[in-house]
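# Chain and residue survey
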Amino acid sequence: MTVGQMAKSLGRARNGCAVVLVCIVAASGGRVFDSTQWSVTYAVIGGLSALAAICVGRARHLLVEIATCLIVGVAGTVASVWWAEGRVPQDLMSAAFRGGGEALALPWPSPVAPIPAGFLGLLVAICGAVTGRTAARDHLGSPILLAPFATFSLLAVFAAPALPSGLQCGAALLVSFGLLALSERLRKERSIESATLVGGSV
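Counting starts from 1 at the beginning of each chain's written sequence and moves along it residue by residue. Thresholds applied to this predicted model are a pLDDT of at least 70 for local features of residues and 80 or more for the giving and counting of side-chain atom pairs; totals over whole chains, interfaces and linings are not thresholded and use all residues. Water and hydrogen atoms play no part in the side-chain values, which are based on all heavy atoms of the structure.

Note on ring pairs: Phe, Tyr and Trp rings are taken, using the six-membered ring of Trp, and paired if centres are within 6.5 Å. Classes follow the plane angle, with under 30 degrees stacked, over 60 edge-to-face and the rest tilted. Going through the model one piece at a time under the given rule, you end up with four aromatic pairs. Between Trp 82 and Trp 83, the aromatic rings sit 5.9 Å apart at their centres with planes inclined by 45°, giving tilted as the arrangement. A 1.4 Å probe rolled over the protein chains alone gives each residue an accessible area, and that area as a share of the maximum for its type sets the label: buried under 20%, exposed over 50%, partly exposed in between. Residue Trp 82 is classed as exposed on the basis of its relative accessible area, which comes to 57%. Given the relative accessible area of 42%, Trp 83 is considered partly exposed.

Written out as structure tokens, the structure is:
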């Protein structure tokens, strides 16, 4: 296997780890409603958002990437509001601007409400999009973790007093360490590849 092929394989593995991390983080959103069904729903929304951003991120065009983040954010909100039997599009703006406050005000456990559900869908979709965008950049390592861990913290606040499970925390840490290790290895492979190209051109 050549250096370039190794770098591509490492890049794919790192992107896969980033998607898995987003799914784990997004699944903790179901704790707000104490619902396994909503954990799966948010994991799917977050994972698909990350995949979309990774695919588009390779184009390296800022406007396209911003448009992708907006589109997946709207899609995540629409899917969550619709799944919670809310009114589309009437509840979308309310979910975006009032959903966070309503999620904080909910007693735990509480029945699923469309507006806070839509806000959480927006949150995990944006997390997926931002994570996917950074994962598509080979030279970025630890910054990939910023969006997932910020979102994880916010979801823990919304779900209080039900914090993320120990399994979710452990899995998130394990995948994060794997992501950092792959990022470091990828950085080294890219450096070797660049040095090889420079040496060959001399």
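Attention now goes to the nonpolar core. The set of buried Ala, Val, Leu, Ile, Met, Phe, Trp, Tyr and Cys residues whose side-chain atoms join them within 4.5 Å is what this entry labels a nonpolar core. Counting residues in hydrophobic clusters, the biggest one holds 32 residues, and the most contacted among them are Leu 21, Phe 33, Tyr 42, Leu 120 and Phe 158. Each helix is a run of H or I in the DSSP string that is no shorter than four residues. Each strand is a run of E no shorter than two, and both are numbered from the N terminus. Broken down by secondary-structure element, the contributors of at least two residues to this core are helix H1 (3-27), helix H2 (36-57), helix H5 (114-135), helix H6 (146-159) and helix H7 (166-201).

Considering the arrangement of structural elements, one finds Ile 66 in helix H3 (residues 62-83). Judged by relative accessible area, which is 42%, Ile 66 ranks as partly exposed. Distance in space between the C-alpha atoms of Ile 66 and Val 130 is 9.5 Å, their sequence separation being 64 residues.

This part is about the packing of H3 against H5. In this analysis, axes come from line fits to C-alpha atoms, helices being fitted only over the stretch in contact, and the angle between any two N-to-C directions falls in the range 0 to 180 degrees. Contact geometry for H3 and H5: axes closest at 7 Å, N-to-C directions at 150°. It follows from the interaxial angle that H3 and H5 lie roughly antiparallel. In the packing of H3 onto H5, the handedness of the crossing is right-handed. In this structure, H3 uses Leu 62, Glu 65, Cys 69, Val 72, Gly 73, Gly 76, Thr 77, Ser 80 and Val 81 to contact H5, whose residues at the interface are Pro 114, Ala 117, Gly 118, Gly 121, Leu 122, Ala 125, Ile 126, Ala 129 and Arg 133. Classifying every residue of the contact of H3 with H5 gives 10 nonpolar, six polar and two charged. Should an angle lie under 35 degrees it is considered roughly parallel, over 145 roughly antiparallel, and from 65 to 115 roughly perpendicular; all remaining angles are considered oblique. Crossings are sorted by hand: turned counterclockwise from the far helix by less than a right angle, the near helix makes the crossing left-handed, and turned clockwise it makes it right-handed. By definition in these notes, contact holds between two residues if any of their heavy atoms fall within 4.5 Å. Here the term charged refers only to Asp, Glu, Lys and Arg, the term nonpolar to Ala, Val, Leu, Ile, Met, Phe, Trp, Tyr, Cys and Pro, and the term polar to all other amino acids, Gly among them.

The next subject is the pattern of salt bridges. Within this document, salt bridges are pairs made up of a side-chain nitrogen of Lys or Arg and a carboxyl oxygen of Asp or Glu, the two lying within 4 Å of each other. By the definition in use, this model includes two salt bridges. Asp 91 is paired through a salt bridge with Arg 87; the nearest N and O atoms lie 3.1 Å apart. Overall, the relative accessible area of 6% leaves Asp 91 in the buried class. The closest approach of N and O atoms between Arg 98 and Glu 102, which form a salt bridge, is 2.5 Å. You can see Arg 98 and its partner Glu 102 sitting in helix H4 (residues 90-105), four residues apart, about one turn around the helix. Judged by its relative accessible area of 27%, Glu 102 is partly exposed.

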